[in-house]
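# Descriptive structure summary
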Amino acid sequence: MGDIPAGPEASPKRWPFAMRRNLVRPQSAVPTRRGAATSRRSDDIFEGEFAARWIKGMGTYGDPIRTSLVNPIVAFVADHFVANPLRPQDRSPRNLIQQALYKVADELANATYRPQDRPLHQWHADAERLAALYPHLKKSVVWDLGCGEGYLGRWLAAQGATCVGVEPSKPLFTHASAKATPTTPLFPPTIDEFLKHHARQCLDWKPTLMTLIAVLDGCRDPDRTLDQINSFMRKNLIDIPLLVTTFDPDFFCAGLPKNPVNSGSIRIFETDHPFTMRDPAEWELTFADHNFHVLDQRPIHLDTLPPNLTRYVLDLCRDQILFNADTVDLIAPRQGPFYFWIIAP
Ligand SMILES: C[S@@+](CC[C@H](N)C(=O)[O-])C[C@H]1O[C@@H](n2cnc3c(N)ncnc32)[C@H](O)[C@@H]1O
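How each quantity is defined
Residues numbered from 1 in each chain as written. Predicted model: local features only at pLDDT ≥ 70, side-chain atom pairs only at ≥ 80, totals over all residues. Heavy atoms only, no water. Axes fitted to C-alpha atoms, helices over the stretch in contact; angles between N-to-C directions. Helix = DSSP H or I, 4+ residues; strand = E, 2+ residues; numbered from the N terminus. Parallel < 35°, antiparallel > 145°, perpendicular 65-115°, else oblique. Left-handed = near helix turned anticlockwise from the far one by under 90°. Contact = heavy atoms within 4.5 Å. Nonpolar A, V, L, I, M, F, W, Y, C, P; charged D, E, K, R; others polar. pLDDT = per-residue confidence, 0-100. Buried < 20%, exposed > 50% of the residue type's maximum accessible area, 1.4 Å probe, protein only. Phe/Tyr/Trp six-rings, centres within 6.5 Å; stacked < 30°, edge-to-face > 60°. Lys NZ or Arg CZ within 6 Å of the ring centre and 35° of its normal. Core = buried A, V, L, I, M, F, W, Y, C linked by side-chain atoms within 4.5 Å. Near = heavy atom within 4 Å. Polar contact = N/O pair within 3.5 Å; in protein donor to acceptor, adjacent residues only side chain to side chain. Areas by Shrake-Rupley, 256 points an atom, 1.4 Å probe, with all protein chains shown as cover. 1 Å grid on protein atoms, 1.4 Å probe; cavity = no way out; pocket = protein on both sides within 12 Å on 5 of 7 lines; lining within 4 Å. Points joined across faces, edges and corners; volume = space filled by probe spheres on them. Salt bridge = Lys/Arg side-chain N within 4 Å of Asp/Glu carboxyl O.

The next point concerns the packing of helix α3 (residues 64-83) against helix α8 (residues 151-158). Think of two packed helices as two axes; the pair is described by the angle between the axes and how far apart they sit. Axis separation between α3 and α8 bottoms out at 12 Å; the angle between their running directions is 55°. It follows that α3 is oblique to α8 by the angle criterion. For the pair α3 and α8, the crossing hand works out as right-handed. Residues Arg66, Val70, Asn71, Val74 and Ala75 of α3 form the contact with α8, whose own contacting residues are Tyr151, Leu152, Trp155 and Leu156. In the contact of α3 with α8, the residues fall into seven nonpolar, one polar and one charged.

Here it is, written out as structure tokens:
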């Protein structure tokens, strides 16, 4: 399908879907239709000084958000779908993201949260314990699309899993490669290029899960990327889930107008990144546009986490992202930083 024409001149008969999505679109909103919003910007590929800061900030197992929230969810979901592969036609809703966090509730409640530490560091290092918690994880094959400096693949490989990483940033790819093992093969193109030119050769490592952790928001054209992933999966009979995180706009840009899509700027590691911020309902429509079913979706309601962790995450937001206590107070209802999704073709 080509670009959908913008604004009021679009015919509601011809483009009912686009019209439905753009019923209310104040001046500051960014058009949502395929290609229109995205052609003005490029992929947010991490380079230069920022890439160096990113590598440092990620540390051994990822930054504090990843060690406390993302990694336990990835492990749980990867383990789950090895033990319970998707069945054809079964696209019923599940509650895995919440279960994943219940599984580490005690660890999260008892962790110490200090800015210099990574919560659950010991937990990540304890392969024996992780094997007991996630007995099928070692059989998982995760394609980590936009893998950054490779923390996730390294950690999963230490649990016996295989993790194919795709990362177009030169410094991040170089860092990930320097630390890679035979069970963490890495590829340097964008996701689109990888799927076009390399992915078929990787089918010896047929994936049991694909992950897109904080990647889609930074892609030049996430619609195109989702389309390519979907058609690659269909052509190659890959019937597996994707674990996706998208930015929660209320966390990163608290106080945005109530549009489904906004231009925003996110401050990460002292650098401002221009972003197109889509709210979760807009992402849900985007996934549906590209023939993905949503199996599970969940914001992180910070108020339901152990109070120390809630405070810690909001402090990170205050100190590193928003710089303004008043704006942090706007994060409602105390949610973020990521919205978690499990989708499947
Ligand atoms: C916020 S980082 C997340 C990295 C990693 N997934 C993580 O959780 O730390 C986003 C990453 O996506 C990469 N990226 C941006 N556009 C991309 C594209 N079109 N294909 C693949 N990776 C891309 C960036 O270079 C960056 O490493």
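Structure shown, so let's carry the discussion forward.
Attention now moves to the confidence of the model for the protein. Confidence in the prediction for the protein averages 86 pLDDT; 85% of positions are at 70 or higher. The model gives residues 1-39 a pLDDT under 50, and that stretch makes 60 contacts with residues more than four places away or in other chains.

Of the consecutive residues Gly336 and Pro337, the connecting peptide bond is found in the cis state with omega at 0°. Its location among the elements puts Pro337 in strand β9 (residues 335-344). A positive phi angle is found at Leu120, which is not glycine, with a value near 65°. Position of Leu120 among the secondary structure elements: in the loop between α5 (105-110) and α6 (121-125). For Leu120, a relative accessible area of 8% corresponds to the buried category. In this structure, Ala214 takes a positive phi of about 60° despite not being glycine.

Once that is clear, we can look at the packing of aromatic side chains. The final tally for this structure, using the stated rule, is 20 aromatic pairs. With centroids separated by 6.1 Å and ring planes inclined at 25°, the aromatic side chains of Phe247 and Phe338 adopt a geometry described as stacked. Of this pair, Phe247 sits in strand β5 (residues 242-247) while Phe338 sits in strand β9; the two residues are 91 residues apart in sequence, bridging distant segments of the chain. Exposure class is identical for Phe247 and Phe338. Each is buried. An aromatic cluster is defined as three or more aromatic residues linked by ring pairs; in this entry it consists of Phe247, Phe251, Phe252, Phe275, Phe338 and Phe340. The ring of Trp283 carries Arg278 above its face, with NZ or CZ at 4.8 Å from the centroid.

One finds Tyr134, Leu156 and Phe252 to be the most contacted residues of the largest nonpolar core, which totals 70 residues. Residue contributions to this core peak at ten residues, all from α3. Here Tyr134 is in contact with Pro72, Ala75, Phe76, Asp79, Lys103, Val104 and Trp123, once residues within four sequence places are set aside. Listed in part, the 30 residues of the second largest apolar core include Leu145, Leu226, Ile240 and Trp341.

Another point: the packing of α3 against helix α14 (residues 307-322). Between α3 and α14, the least distance of the axes is 11 Å, while the angle of their chain directions is 135°. Here α3 lies oblique to α14, going by the angle between them. The handedness of the crossing between α3 and α14 comes out as left-handed. Contacts between α3 and α14 pair Pro64, Ile65, Ser68 and Leu69 from the former with Leu309, Tyr312, Val313 and Leu316 from the latter. Among the residues forming the contact of α3 with α14, the class breakdown is seven nonpolar, one polar and no charged.

Let's shift gears to the site of the ligand. Looking at the ligand, there are 20 residues lining it, with Arg66, Gly146, Glu167, Ile191 and Ile213 nearest. For the ligand, an oxygen atom lies 3.2 Å from a polar atom in the backbone of Phe46. In this structure, Glu167 approaches the ligand through a side-chain N or O atom, which is 2.7 Å from an oxygen atom. Protein coverage of the free-state accessible area of the ligand, which is 590 Å², stands at 97%.

On to empty space enclosed by the protein. Counting across every chain of the model gives one cavity of 30 Å³ or more. As for the largest cavity, its lining consists of 13 residues, of which Gly150, Gly153, Arg154, Thr184 and Leu186 are closest to the centre. Mapped onto the lining of the largest cavity, the elements with two or more residues apiece are α8 and β2 (162-166). It is β2 that provides the largest number of residues to the lining of the largest cavity, a total of three residues. Residue composition of the lining of the largest cavity, grouped by class: six nonpolar, four polar and three charged.

Secondary-structure assignment places Pro72 in helix α3. Those residues in contact with Pro72, other than ones at most four positions away along the chain, are Arg66, Thr67, Ala100, Val104, Leu120, Trp123 and Tyr134.

Attention shifts here to the pattern of salt bridges. Applying the stated rule across the entire model yields twelve salt bridges. Here Arg53 makes a salt bridge to Glu49, at a shortest N to O gap of 3.8 Å. Of the two residues, Arg53 and Glu49 are both situated in helix α2 (residues 48-58); the distance of four residues between them amounts to about one turn of the helix. Residue classification places Glu49 among the exposed residues on the basis of a relative accessible area of 53%. Between Glu149 and Arg154 there is a salt bridge, with its nearest N and O atoms 2.7 Å apart. Looking at Arg154, the relative accessible area reads 19%, which means it is buried. A single salt-bridge network, built from bridges that share partners, covers Arg87, Asp90 and Arg94.

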